[in-house]
Amino acid sequence: MNKKFIVPLSTWLVFSTFLILSSCNNGAKKTETLETEKSIYASDVISFFNDWKLILGDGSNVGKAINFEHKDFFYTENDGENNWVVFKAPNAGDTHGTSNNIRTELAQVKKFYPKTANDKLTATLKVMNVSTTGDARVAATHAVVVGQIHSADKHENEPLKIFYKKFPGHTKGSVFWHYEINTAGDDNSGRWDYSSAVWGNDFSVVGTEANAYPEEPKDGIALGEEFSYEIEVVNGIMTLTFSSKGHDTKTFTKNLIESEYTATADIPEQTQKLFVPLGQDGVERQEAYTGEGLFFKLGCYNQTNGKSPEINKNWCSGAETHGGNLEKQYADGNYAEVWFKTASLRISDASVSNQEYFDKND
């Protein structure tokens with residue numbers, strides 16, 4: 001004969017209370033677990049940090065940035081969809097090496113030689129801020145460099161700099177890239193850049209007065225808008241590819257081992273207008289960057305500074321620096337900020353250590 005078990009109401013109440021308390025306790029434990037999760041570092045977002053040394057916006061070289069962050073210059077952010085690596089650099093502070101400008105930037109620990117190169121750097125990024133002040137007649141004002149190829153040897157010139165530039169009041173800015181000649185002879189004071197537009201304008205489009213801006217570029221890139229670049233150097237030829245949703249993909253090539261600027265007559269019209277009036281009228285050695293170790297850089301190299309435009313109308317911005325006070329510069333937009341979502345690096349077997357460059361510049 002089956003028997004029915006009747007459980008008193010008081011027992012059910014006690015059991016229900018236990019379940020509720022247990023559930024609450026489990027929720028508390030879950031919350032506690034979430035709160036104690038480890039920080040997300042840049043090296044968790046992009047996994048190639050063993051191949052770089054990190055230069056901070058205070059001029060220091062912190063080495064390989066594994067599980068590293070700095071609240072003022074280098075950390076991670078999540079935009080609701082993805083984690084990003086943030087590079088930030090004010091208009092003024094302590095610089096690295098011989099530069100006039102502040103950078104928070106990765107520099108490759110190996111260098112490659114262009115003739116034997118099979119090296120590649122890719123990145124997807126968005127620029128979040130460029131300086132809000134500066135003389136609009138100065139070509140470098142309101143700009144930041146987000147990727148480079150740098151020479152480790154002799155003049156330490158730069159066969160590639162990738163720029164983003166946006167004037168105040170404009171919605172869209174320009175992306176362009178520079179080739180800097182590897183000056184013939186021992187005097188590098190005559191070196192100059194040649195600028196090529198990707199989207200929007202090139203370096204030469206400037207304001208008519210200190211606070212009078214040119215027309216906004218029609219096919220430009222806004223702050224916070226993603227774009228990507230690929231830099232590949234194979235057997236002396238540099239190939240650049242730029243892509244962004246809603247924009248035409250652009251590809252460029254440049255020979256790094258045979259110059260097209262070996263005589264004064266070869267100096268382009270753009271350079272004659274921008275650099276020659278400042279005495280920068282050099283020519284390039286026939287073999288260009290042949291025999292020099294080259295290396296990639298990636299990050300936020302602020303091109304705006306507080307130096308007087310009377311010194312150099314291309315590079316000295318006359319921007320607000322608050323005497324180098326970091327907090328004040330960040331408060332009123334006098335800094336550059338770049339976020340990277342993805343990046344990759346291919347290193348050729350012929351690459352060698354770049355330590356000598358750091359020994360000279362740190």
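For the structure, check the block above.
Residues numbered from 1 in each chain as written. Predicted model: local features only at pLDDT ≥ 70, side-chain atom pairs only at ≥ 80, totals over all residues. Heavy atoms only, no water.

(A) Looking closely at the overall build of the chain. The secondary structure content of the chain amounts to five helices and 18 strands. Taken across its 362 residues, the chain has 50% of its residues classed as buried. By element, 49% of the accessible surface of the chain is carried by carbon and sulfur atoms, the whole surface being about 16,800 Å². (Helix = DSSP H or I, 4+ residues; strand = E, 2+ residues; numbered from the N terminus. Buried < 20%, exposed > 50% of the residue type's maximum accessible area, 1.4 Å probe, protein only. Areas by Shrake-Rupley, 256 points an atom, 1.4 Å probe, with all protein chains shown as cover.)

(B) Representation of the environment of Asp266. As for its placement among the helices and strands, Asp266 is situated in the loop between strand E15 (250–255) and helix H3 (269–274). Judged by relative accessible area, Asp266 falls into the partly exposed class, the value being 31%. Sequence-wise, Asp266 and Glu284 are 18 residues apart; in three dimensions their C-alpha atoms are separated by 9.8 Å. Leave out the neighbours within four places in its chain, and Asp266 touches Glu260 and Tyr261. (Contact = heavy atoms within 4.5 Å.)

(C) Broad picture of the side chain of His142. Structurally, His142 can be placed in the loop between strand E7 (118–129) and strand E8 (143–151). The exposure class of His142 is buried, given its relative accessible area of 0%. Reaching out from His142, the side chain makes a polar contact with the backbone oxygen of Ser131 at a distance of 2.8 Å. For His142, the contacting residues outside a window of four places in its chain are Val130, Ser131, Thr132, Thr133, Gly134, Tyr164, Lys165, Lys166, Phe167, Pro168, Tyr213 and Thr304. (Polar contact = N/O pair within 3.5 Å; in protein donor to acceptor, adjacent residues only side chain to side chain.)

(D) Expanded view of the sheet that holds strand E17 (residues 335–346). The seven strands are arranged E3-E4-E17-E7-E13-E14-E15 in an open sheet whose pairing can be described as antiparallel. Each edge of the open sheet carries a strand with a single partner, namely strand E3 (74–78) and E15. On average, adjacent strands in this sheet sit at an angle of 30° to one another, irrespective of strand direction. The pairing of E7 with E17 spans nine bridges and is classified as antiparallel. Counted as the bridge partner of Ala123 is Ala343 from E17. (Pairing = 2+ DSSP bridges. Axes fitted to C-alpha atoms, helices over the stretch in contact; angles between N-to-C directions.)

(E) Broad picture of the pattern of salt bridges. Scanning all chains against the criterion turns up 19 salt bridges. Ionic pairing is found between Lys111 and Asp153, a salt bridge with its closest N-O pair at 3.4 Å. Of this pair, Lys111 sits in strand E6 (residues 110–111) while Asp153 sits in the loop between E8 and strand E9 (160–165); the two residues are 42 residues apart in sequence, bridging distant segments of the chain. Of the residues examined, Lys111 reaches a relative accessible area of 7% and is grouped as buried. Measuring nitrogen to oxygen at the nearest pair gives 3.0 Å for the salt bridge that ties Glu156 to Lys360. With a gap of 204 residues between them, Glu156 in the loop between E8 and E9 and Lys360 in helix H5 (residues 355–361) connect regions that are remote in the sequence. Judged by its relative accessible area of 46%, Lys360 falls in the partly exposed class. Here the residues in one salt-bridge network are Arg103, Glu105 and Lys297, joined through shared partners. (Salt bridge = Lys/Arg side-chain N within 4 Å of Asp/Glu carboxyl O.)

(F) Structural view of the layout of surface pockets. When its volume is computed, the largest pocket comes out at roughly 710 Å³. Lining the largest pocket are 32 residues; nearest its centre among them are Thr98, Ser99, Glu158, Arg191 and Tyr301. Counting only elements with at least two residues in the lining of the largest pocket, the list comes to strand E16 (294–302) and H5. Class assignment of the residues belonging to the lining of the largest pocket gives a composition of seven nonpolar, 16 polar and nine charged. (1 Å grid on protein atoms, 1.4 Å probe; cavity = no way out; pocket = protein on both sides within 12 Å on 5 of 7 lines; lining within 4 Å. Points joined across faces, edges and corners; volume = space filled by probe spheres on them. Nonpolar A, V, L, I, M, F, W, Y, C, P; charged D, E, K, R; others polar.)

(G) Here's a closer look at the pairing of strand E1 (residues 52–55). Side chains Trp52 and Leu54 of E1 all project onto a buried face; the interleaved residues Lys53 and Ile55 project onto the opposite face, where all are buried too. Where E1 lies against strand E5 (residues 103–108), four bridges are found, and the strand directions are antiparallel. Paired with Leu54 across the two strands is Leu106, which belongs to E5. Inspection of the sheet shows E1 paired to strand E2 (residues 61–63) by two bridges, in the antiparallel sense. Its bridge partner lying in E2, Ile55 is registered against Asn61. In sequence, E1 turns back onto E2 through a hairpin of five residues, with Gly59 there showing a positive phi of about 90°.

(H) Structural view of empty space enclosed by the protein. All chains considered together, the criterion is met by one cavity of 30 Å³ or more. Lining of the largest cavity is provided by Lys165, Lys166, Phe167, Lys172, Gly173, Ser174, Phe176, Asn201, Asp202, Val205 and Pro217. Take the lining of the largest cavity: its biggest share by element is four residues, from strand E10 (residues 172–180). Of the residues belonging to the lining of the largest cavity, the class tally is four nonpolar, three polar and four charged.

(I) Focus on the packing of aromatic side chains. Following the criterion strictly, the structure yields 25 aromatic pairs and no others. Look at Phe295 and Tyr357: their rings are 4.7 Å apart centre to centre, the planes differ by 55°, and that puts the pair in the tilted class. Of this pair, Phe295 sits in strand E16 while Tyr357 sits in helix H5; the two residues are 62 residues apart in sequence, bridging distant segments of the chain. By the burial criterion, Phe295 is buried, and Tyr357 matches it. For the pair Tyr357 and Phe358, a centre-to-centre distance of 5.5 Å together with 75° between the ring planes defines the contact as edge-to-face. Each member of the pair, Tyr357 together with Phe358, is buried. Taken together, the ring pairs in this structure connect Phe48, Phe49, Trp52, Phe68, Phe74, Phe87 and Phe340 into an aromatic cluster. Taking NZ or CZ as reference, Lys88 lies 4.8 Å from the ring centre of Tyr335, over its face. We note Lys126 situated over the ring of Trp84; from NZ or CZ to the ring centre the distance is 4.2 Å. (Phe/Tyr/Trp six-rings, centres within 6.5 Å; stacked < 30°, edge-to-face > 60°. Lys NZ or Arg CZ within 6 Å of the ring centre and 35° of its normal.)

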